[in-house]
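What follows is the residue order along each chain.
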Amino acid sequence: MEEHLEDVQILDVRELEEFDGPLGHIPGAKHIPLGSLGEQLGEMSTDQPIVTVCRAGGRSARANLMLQQAGLPNVANLAGGILLWRAENLTVVGAAD
């Protein structure tokens, strides 16, 4: 997926402290905490697929379901979350090493 970041919308549903925290976030990720997602669904474009991400995959799976139930097409969950992304040595922004 790292090679196709320009082709998808990355939706990070972690809390702000996590998004800006030591694990960092995926470049270009849009930040909407899971608790606010229902109110901010209109901010997501339907022009590109959406990939939800959180720390390990649980919250992003719930976000994925919310987006699908709202009728947004082409939604996927990043299984393993930012923890797996980092374990694979993929690019992050704002990480403390």
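Refer to the structure printed above.
Structural notes, computed from the coordinates. (Residues numbered from 1 in each chain as written. Predicted model: local features only at pLDDT ≥ 70, side-chain atom pairs only at ≥ 80, totals over all residues. Heavy atoms only, no water.)

## Quick look at unusual backbone geometry
Despite not being glycine, Asn74 has its phi angle at roughly 55°, a positive value. Within the fold, Asn74 resides in the loop between α3 (58–69) and β4 (75–77). Even without a glycine there, the phi angle at Asn89 is positive, about 60°. Within the secondary structure, Asn89 sits in the segment after α4 (81–87). Judged by relative accessible area, Asn89 falls into the exposed class, the value being 70%. (Helix = DSSP H or I, 4+ residues; strand = E, 2+ residues; numbered from the N terminus. Buried < 20%, exposed > 50% of the residue type's maximum accessible area, 1.4 Å probe, protein only.)

## Thoughts on the nonpolar core
If you look at the biggest cluster of nonpolar residues, it comprises 12 residues: Leu11, Val13, Ile32, Leu34, Leu37, Met44, Ile50, Cys54, Ala63, Leu67, Leu72 and Val75. Contributions of two or more residues to this core are made by α2 (34–37) and α3. Beyond its immediate stretch of four places on either side in the chain, Met44 contacts Gln9, Leu11, Lys30, Ile32, Ile50, Leu67 and Leu72. Within the second largest apolar cluster, 11 residues are counted, among which are Ile10, Val51, Leu78 and Trp85. (Core = buried A, V, L, I, M, F, W, Y, C linked by side-chain atoms within 4.5 Å. Contact = heavy atoms within 4.5 Å.)

## Quick notes on the pattern of salt bridges
A complete count under the given rule lists 3 salt bridges for this structure. As a salt-bridge pair, Arg59 and Glu18 come within 2.8 Å of each other at their nearest N and O atoms. With Arg59 in helix α3 and Glu18 in helix α1 (residues 16–19), this pair connects stretches of sequence that are 41 residues apart. Residue Glu18 is classed as partly exposed on the basis of its relative accessible area of 23%. The partner of Glu43 in a salt bridge is Lys30, and the shortest N-O contact between them spans 3.4 Å. Residue Glu43 is found in the loop between α2 and β3 (50–53), and its partner Lys30 is found in strand β2 (residues 30–31); the two are separated by 13 residues along the sequence. (Salt bridge = Lys/Arg side-chain N within 4 Å of Asp/Glu carboxyl O.)

## Here's the deal with the side chain of Thr52
Counting through the fold element by element, Thr52 comes out in strand β3. At 2.9 Å, the side chain of Thr52 forms a polar contact with the backbone oxygen of Ser60. Non-local contacts of Thr52, meaning those with residues more than four positions away in its chain, are made with Leu11, Ser60, Ala63, Asn64, Leu67, Ala76, Asn77 and Leu78. (Polar contact = N/O pair within 3.5 Å; in protein donor to acceptor, adjacent residues only side chain to side chain.)

## Re the environment of Leu90
In this structure, Leu90 sits in the segment after α4. You can call Leu90 partly exposed: its relative accessible area is 27%. Residues Leu90 and Pro33 lie 57 residues apart in sequence; the distance between their C-alpha atoms is 22 Å. If sequence neighbours within four positions are ignored, Leu90 has contacts with Glu2 and Trp85.

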